[in-house]
Amino acid sequence: MLHFELSEIAPKEFEGNVIFLYGNDVSDRKLPLTKKELDYLKSHSENDPEAVVVFDRLPYHLYVVCFDGEKPAQVSQEHLRKNAAKVVDMIKKECLDEECCDTALTGEGVIPEEIVAFMEGMWLADYSFDRYKTKEPKHVGKVYVESNFLSKEDLDSNVRLWNRIYWCREWVNMPVADLNAEKFASELDDIAKDLKVDCTVFDKKKIEELGMGGLLAVNQGSVDEPRFVVMEYKPRHAVNTKPLALVGKGVMYDTGGLNIKTGDYMSEMKSDMAGAATMASVLFAAAENELPVHVVALLPLTDSRPGFNAYAPDDVLTMYDGTTVEVVNTDAEGRLILADAIAYAVRNYSPELVVDAATLTGAAVRAIGTYGIAAMQQHAENPFQLLRIIGEQVHERVVEFPFWDDYDEHVKSDFADLKNCGPGQAGTITAGKFLAHFAKETPYIHLDIAGVAYFSKKQWYYAPGASGFGIRLLYAFIQMYEGASKGKM
């Protein structure tokens, strides 16, 4: 894992790799370059204002990362993240041993947001899932950061957030054989205790007593019992009198049930619990950094299998809030477990806002690809617009889908109150409409992260596998929640 340390650096004397952030307004005086090298750099940066120019300092290298500070902040900072990924790849390719990977990061006149964006890109790009490798791949070692403006407090708070992203990616990448519902719930409980976060883990018997028909039905085909995890972070001086409720889909592995997935559609289904991992990570980051916002996370956990007395199409389920649901397709299981959790949040916490995150529909991927989150809102226009703006800033973008009343017809059933799947049109929206029923009048935002939670191949600063996409978005949203709350979201 990367380690950042604030340090006063003399680039000309540092025994290791040096990364120099080179913006439009910086001075050339700190660059350890000859006149010819400086002329070469200027010529190169004029042709490509966002180039990475490398100078050999064998056995080390000097990486000059050009960026255009005149562009909007969200644009230049995203280029810095992407260039950080390029530099990480170069360092790992060139370094012969761990010591050779030690690096200094510096720049003249670089504002904190720019240097943090670059460090963030390095942290995200350096990750790889190595748990099962017999020979550990190379990683960048220590990074000594010189900045006149970045405080140790700000650095530490960012590192704590990035560490939560790391663990989210670890959880999502782990196979169900090593991380089932029971084990995941136990691990969350242990972390919550360390952070002094209230955590209640409901076992199957308690879930039956609660009458969570959706979670129990999805679990019927599995030998592993379900769990329902409720965590609450309530700081003494919270800005909100009613909590923000974060609900995350926790299908530890999804076979599709009796409507079993065909071909390669079952591949990578260990990632179907990314919503739960995301929401747990957001709450933990908020608690570690002592954000003044009351947050609860509600995580229904189970795998979905076609064995034993597996639930079947045509079954009618009674959900936690009493709603009856006709099962049309057992592969529309995520919304069933989320519905119970959302209804539980509304009844037991009266939250001022419910936000869910779920790898819910392939339709979301078909609609917008792997570039953002498909999202909907009900009675939550103001917080949604804040979320959308933050998404542009941190480059975890949110696309709002329509939530017209017409779509309610798609989830009406002839035999029950609702059916769990629509007719095949607007699948992402109808899934959201199904869930919105259980939020009732509570302001509600639905985030379908199916396209961004897990990448089959390297993308930007993400290695193949889990991304942790959405954690930075929701953490920044909670950071902004104080002002938004005072504005009566």
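Scroll up for the structure.
Residues numbered from 1 in each chain as written. Predicted model: local features only at pLDDT ≥ 70, side-chain atom pairs only at ≥ 80, totals over all residues. Heavy atoms only, no water.

Visitor: Mind showing me how you'd approach the overall build of the protein here?
Guide: Broken down by element type, the protein carries 14 helices and 20 strands. Scaling as 2.2 N^0.38, a compact globule of 489 residues should have a C-alpha radius of gyration of about 23 Å, and the protein matches this with 24 Å. Overall, the protein is about 80 × 50 × 45 Å in size when its C-alpha atoms are taken along their principal axes. Taken over 489 residues, the protein has a buried fraction of 59%. In the structure as shown, the protein presents an accessible area of about 20,600 Å², 47% of it carried by carbon and sulfur atoms. Side chains of the protein give 50 positive and 75 negative charges; the mean places of these two sets differ by 1 Å. (Helix = DSSP H or I, 4+ residues; strand = E, 2+ residues; numbered from the N terminus. Rg over C-alpha atoms; globule rule 2.2 N^0.38 Å. Buried < 20%, exposed > 50% of the residue type's maximum accessible area, 1.4 Å probe, protein only. Areas by Shrake-Rupley, 256 points an atom, 1.4 Å probe, with all protein chains shown as cover. Lys, Arg positive; Asp, Glu negative; His and termini not counted. Charge placed at Lys NZ, Arg CZ, Asp CG, Glu CD.)

Visitor: Would you mind showing me how to read the packing of aromatic side chains here?
Guide: Remark: the centre distance and the inter-plane angle together describe each pair of aromatic rings, the angle taken between the planes. Inspection of the entire model under this criterion finds 23 aromatic pairs. The interplanar angle of 10° and the centroid separation of 5.8 Å between the aromatic rings of Trp404 and Tyr407 together place this pair among those described as stacked. Trp404 gets classed as exposed once you look at its relative accessible area, which sits at 53%. Each residue in the set Tyr371, Phe455, Trp460, Tyr461, Tyr462 and Phe469 is aromatic and connected to the rest through ring pairs, giving one cluster. Geometry around Phe403 places Lys433 over its ring, the cationic atom sitting 4.6 Å from the centre. (Phe/Tyr/Trp six-rings, centres within 6.5 Å; stacked < 30°, edge-to-face > 60°. Lys NZ or Arg CZ within 6 Å of the ring centre and 35° of its normal.)

Visitor: Sorry if this is basic, but what is going on with helix H9 (residues 334-349) here?
Guide: Residues spaced three or four apart along an α-helix point in a common direction, a consequence of the helix completing one turn every 3.6 residues. Here H9 is 16 residues long and its end C-alpha atoms lie 22 Å apart, about the 22 Å a rise of 1.5 Å per residue gives. Most of H9 is tucked away: 13 of the 16 residues are buried. Directly after H9, the chain includes Ser350, whose backbone phi takes a positive value near 40°. (Expected span 1.5 Å × (residues − 1).)

Visitor: Is there a simple way to think about the side chain of Arg169 in this case?
Guide: On the secondary structure map, Arg169 appears in helix H4 (residues 152-173). Within the buried core, Arg169 has no salt-bridge partner, and the shortest N-O distance to an opposite charge, that of Glu170, equals 7.8 Å. A polar contact of 3.1 Å, which involves the side chain of Arg169, links it to the backbone oxygen of Leu124. If near-sequence neighbours (up to four positions away) are discounted, Arg169 is found in contact with Leu124, Tyr127, Tyr461, Tyr462, Ala463, Ala466, Ser467 and Gly468. (Salt bridge = Lys/Arg side-chain N within 4 Å of Asp/Glu carboxyl O. Polar contact = N/O pair within 3.5 Å; in protein donor to acceptor, adjacent residues only side chain to side chain. Contact = heavy atoms within 4.5 Å.)

Visitor: Honestly, the packing of H4 against helix H8 (residues 274-288) in this entry has me stumped. Any pointers?
Guide: Angle between the axes and distance between the axes are the two parameters that describe a pair of packed helices. The N-to-C vectors of H4 and H8 enclose an angle of 160°; their axes lie 9 Å apart at closest approach. The angle between the axes of H4 and H8 places the two elements in the roughly antiparallel class. For the pair H4 and H8, the sense of crossing is right-handed. In contact with Arg160, Leu161, Arg164, Cys168, Trp171 and Val172 of H4, H8 contributes Ala274, Ala277, Thr278, Ser281, Phe284, Ala285 and Glu288. (Axes fitted to C-alpha atoms, helices over the stretch in contact; angles between N-to-C directions. Parallel < 35°, antiparallel > 145°, perpendicular 65-115°, else oblique. Left-handed = near helix turned anticlockwise from the far one by under 90°.)

Visitor: Hey, could you run me through the sheet that holds strand S6 (residues 142-145) in this one?
Guide: Strand pairing in a sheet relies on backbone hydrogen bonds. The paired strands run either parallel or antiparallel. Across the sheet, six strands lie side by side as S1-S6-S5-S2-S4-S3; this open sheet has mixed pairing. Edge positions in the sheet fall to strand S1 (3-6) and strand S3 (52-57), since each of these pairs with one other strand and no more. The sheet shows a mean angle of 20° between the axes of neighbouring strands, taken without regard to direction. (Pairing = 2+ DSSP bridges.)

Visitor: Can you help me understand unusual backbone geometry in this one?
Guide: One can expect most non-glycine residues to show negative phi and most peptide bonds to be in trans. Omega for the bond connecting Leu58 with Pro59 falls within 30 degrees of zero, at 5°, which places this linkage in the cis form. With respect to the helices, strands and loops of the structure, Pro59 is situated in the loop between S3 and strand S4 (60-66). One non-glycine residue, Glu268, lies in positive phi territory at about 75°. Following the sequence through the fold, Glu268 ends up in the loop between strand S10 (250-254) and H8. We classify Glu268 as partly exposed; its relative accessible area is 30%. Of note in the backbone geometry, His379 takes a positive phi value of approximately 60° without being a glycine. In this fold, His379 is placed in the loop between strand S15 (373-378) and helix H11 (381-394). For His379, a relative accessible area of 46% gives the class partly exposed.

Visitor: Explain the sheet that holds strand S12 (residues 316-318) here, please?
Guide: Across the sheet, which stays open at both edges, the three strands sit in the order S12-S13-S17 with mixed pairing between neighbours. The open sheet has two edge strands, S12 and strand S17 (418-419), and neither has a second partner. Sheet topology places strand S13 (residues 324-326) next to S17; two bridges connect them, and they run parallel. Bridge pairing in S17 places Glu326 opposite Lys419.

Visitor: Explanation requested: the pairing of strand S18 (residues 444-448) in the structure shown.
Guide: Each regular strand shows side chains that alternate between the opposite faces of the sheet. In terms of burial, S18 is a largely internal element, five of the five residues being buried. The alternating pattern of S18 places Tyr444, His446 and Asp448 and Ile445 and Leu447 on opposite faces, both of which are buried. As judged from the five bridges shared by strand S14 (residues 353-358) and S18, these two strands associate in the parallel manner. Bridge assignment links Ala357 to a residue of S18, and that residue is Leu447. The pairing of S15 with S18 spans five bridges and is classified as antiparallel. The residue bridging Ala374 from the neighbouring strand is Asp448, located in S18.

Visitor: For this particular structure, what's the right way to read the environment of Ala374?
Guide: Checked against the element boundaries, Ala374 lands in strand S15. With 67 residues separating them along the chain, Ala374 and Glu441 place their C-alpha atoms 22 Å apart. Setting aside residues up to four positions removed in sequence, Ala374 forms contacts with Ala364, Ile368, Val399, Phe401, Thr428, His446, Leu447 and Asp448.

Visitor: How should the pattern of salt bridges be read in this particular structure?
Guide: When their charged atoms lie close together, side chains carrying opposite charge are able to pair. Enumeration over the complete set of coordinates arrives at 24 salt bridges. Here Asp303 ties to Arg305 by a salt bridge, and the two come within 2.6 Å at their closest N and O atoms. For Asp303, a relative accessible area of 3% translates into the label buried. On the basis of relative accessibility, which here comes to 32%, the residue Arg305 falls in the partly exposed class.

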